[in-house]
Amino acid sequence: MVQLEHRHPAIFEAFKYGHFVLHKTGKLSSAIALDHGHEQNNHYMMGDWGVIELIQNDQDLRKWMLSGPEMLCLILEFQNTFF
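Residues numbered from 1 in each chain as written. Predicted model: local features only at pLDDT ≥ 70, side-chain atom pairs only at ≥ 80, totals over all residues. Heavy atoms only, no water.

Asker: Please give an account of the overall build of the chain that cites residues and values.
Answerer: A count of helices and strands for the chain gives five helices and two strands. N-terminal to C-terminal, the α/β element order of the chain is α-α-β-β-α-α-α. Counting the 83 residues in the chain, one finds 11% classified as buried. If you take every contact in the chain between residues at least 6 apart in sequence, the share linking residues at least 24 apart comes to 19%. Split by element, the accessible area of the chain, about 7,300 Å² in all, is 61% carbon and sulfur. (Helix = DSSP H or I, 4+ residues; strand = E, 2+ residues; numbered from the N terminus. Buried < 20%, exposed > 50% of the residue type's maximum accessible area, 1.4 Å probe, protein only. Contact = heavy atoms within 4.5 Å. Areas by Shrake-Rupley, 256 points an atom, 1.4 Å probe, with all protein chains shown as cover.)

So, in structure tokens, the structure goes:
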């Protein structure tokens, strides 16, 4: 990391402008690590089901894999519109 500016200047610039975090809102204080954001989205998409039920049924797992990300987008769009 000490030599990042000299060895990989493009990556250094991205870090400098905050491209290593996810902002949950428009506020700077809402920044979280990208992997933490992915974990929160996974938890949000699974809802009350949990992972065990999904991995025990191939058909349900495929449905979740295809529809989960789109459902999350729809839910977030709804929340941003009405709340």
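Asker: Before we move on, could you go through the pattern of salt bridges and cite the residues and values that matter?
Answerer: Evaluation of the coordinates by the stated rule reveals one salt bridge. Where Lys16 meets Glu13, a salt bridge forms, and the shortest distance between an N and an O atom there is 3.3 Å. Here the residue Lys16 and the residue Glu13 both occupy positions in helix α2 (residues 9-16), the gap between them amounting to three residues, near one helical turn. (Salt bridge = Lys/Arg side-chain N within 4 Å of Asp/Glu carboxyl O.)

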